[in-house]
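Structure at a glance
Single-letter residue listing:
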Amino acid sequence: RNFKSEIHWFGYEGRKGNYCVDEQKLVNNIYWKLWNINVLSINGKGEMPELNGEYSWNSYADKVENVEVNRMVKNINEDTLAGFDNLKGVLFVNADCVIPDSETAIPEGVHISGFKGSTAEAYAEKYGREFSVISNTEISSIAEGTFGENDEITWRIHTDGDLYIYGDGELPEFTDGC
C-alpha cells in the first residue's frame, strides 16, 4: 500500500487475506512483525535499542513498503529505517515518538503520517517531507481493561478493530505465533 493513495491502514492485521510472514523480538520490550502486504509494524513498549544497523528485519528490507511505529514505541534511531530502498511511507502512532534530528533518519521521498502537532509532523516540516495527519477518532478506544495478578497487563480495543495488549508481566498464551 502507498500512504499517498491510502493514508489510513490501521486494522490490517484482521483483514481477510492479511497474515504475518515473520515476527521477532529485538530487545527490551520491542518486537516487530512483517505482514504479507509489505508492512513492517514495530511494536512493544519502550525505547528502540541501539543495534548499529543490525536489525533482525534487515533481510526483508527490500520488500518493505510501509512501516508503522506503534503508540508505545518511544523512539526510532538514526539507522532504524536504513536499507529500505522501496519504502514509501512511515506512520507514527505515538505523537511523541523521538525521531533523530537528522535528514537521513527518514529516507528522502518517504511519506510521513502522524498526529497533528506530533514529532513526526515537526520532522516532516523541518526536512520538507510530505505529511498526512491522522486523527484521534480513527484510533479511539471502544473498550479497555486490565488483567494479570496485579493488573499489570492492559488491553484496549480500538474503533478500527485492533486489539492492543501492553504492560509488564506474564501474558497467557493465546496463539501459537503470527
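Right above here is the structure, for reference.
Anyway, here's the lowdown on the structure attached to this text. (Residues numbered from 1 in each chain as written. Predicted model: local features only at pLDDT ≥ 70, side-chain atom pairs only at ≥ 80, totals over all residues. Heavy atoms only, no water.)

**Quick look at the sheet that holds strand β2 (residues 30-35)**
- Within the open sheet, the 7 strands sit side by side as β1-β2-β3-β4-β5-β6-β7. Their pairing is mixed. Unpaired on one side and paired on the other, β1 (20-25) and β7 (131-134) mark the two borders of the sheet. Direction aside, neighbouring strands of the sheet carry axes that sit 15° apart on average.
- Sheet topology places strand β6 (residues 111-115) next to β7; 4 bridges connect them, and they run parallel. When the sheet's bridge partners are listed, G114 is paired in β7 with V133.
- Packing against the sheet, helix α1 (residues 119-126) makes contact with β5 (89-92), β6 and β7, and its axis sits at approximately 145° to β6. (Pairing = 2+ DSSP bridges. Helix = DSSP H or I, 4+ residues; strand = E, 2+ residues; numbered from the N terminus. Axes fitted to C-alpha atoms, helices over the stretch in contact; angles between N-to-C directions. Contact = heavy atoms within 4.5 Å.)

**Remarks on the pattern of salt bridges**
- Counted according to the given criterion, the structure contains 4 salt bridges.
- Of the charged contacts, one joins K33 and E23 as a salt bridge, the two residues approaching to 4.0 Å between their closest N and O atoms. Of this pair, K33 sits in strand β2 while E23 sits in strand β1, and the two are 10 residues apart along the sequence.
- On the basis of relative accessible area, E23 is assigned to the partly exposed category, the value being 29%. (Salt bridge = Lys/Arg side-chain N within 4 Å of Asp/Glu carboxyl O. Buried < 20%, exposed > 50% of the residue type's maximum accessible area, 1.4 Å probe, protein only.)

**A word on the environment of L91**
- Within the secondary structure, L91 is located in strand β5.
- Residue class for L91 comes out buried when judged on its relative accessible area of 1%.
- In the structure, L91 is positioned 42 residues away from V133 in sequence and 9.8 Å away in space, judged by C-alpha atoms.

**Re the environment of E50**
- Note that E50 resides in the loop between β3 (39-44) and β4 (66-69).
- A relative accessible area of 58% places E50 in the exposed class.
- Taking the C-alpha atoms as reference points, E50 and D79, separated by 29 residues in sequence, lie 8.7 Å from one another.

**Some thoughts on unusual backbone geometry**
- One non-glycine residue with positive phi stands out, namely N38, at about 65°.
- Here N38 is to be found in the loop between β2 and β3.
- Its relative accessible area of 24% is what places N38 among the partly exposed residues.
- One non-glycine residue, N52, lies in positive phi territory at about 50°.

**A look at the side chain of N43**
- With respect to the helices, strands and loops of the structure, N43 is situated in strand β3.
- A polar contact is formed between the side chain of N43 and the side chain of S41, at a distance of 3.2 Å.
- Apart from residues no more than four positions distant in its own chain, N43 is found in contact with N29, I30, Y31, W32, K33, N70 and V73. (Polar contact = N/O pair within 3.5 Å; in protein donor to acceptor, adjacent residues only side chain to side chain.)

**Description of the packing of aromatic side chains**
- In total, this model carries 4 aromatic pairs according to the counting rule given.
- Summarising the aromatic geometry, the rings of Y55 and W57 are spaced 4.7 Å apart at their centres and angled 0° between planes, so their arrangement reads as stacked. Comparing Y55 with W57, the two get one shared label, buried.
- Ring centres of Y123 and Y127 lie 4.7 Å apart, and the angle between their planes is 45°; on these two criteria the pair is classed as tilted. Of the two residues, Y123 and Y127, both sit in the buried class. (Phe/Tyr/Trp six-rings, centres within 6.5 Å; stacked < 30°, edge-to-face > 60°.)

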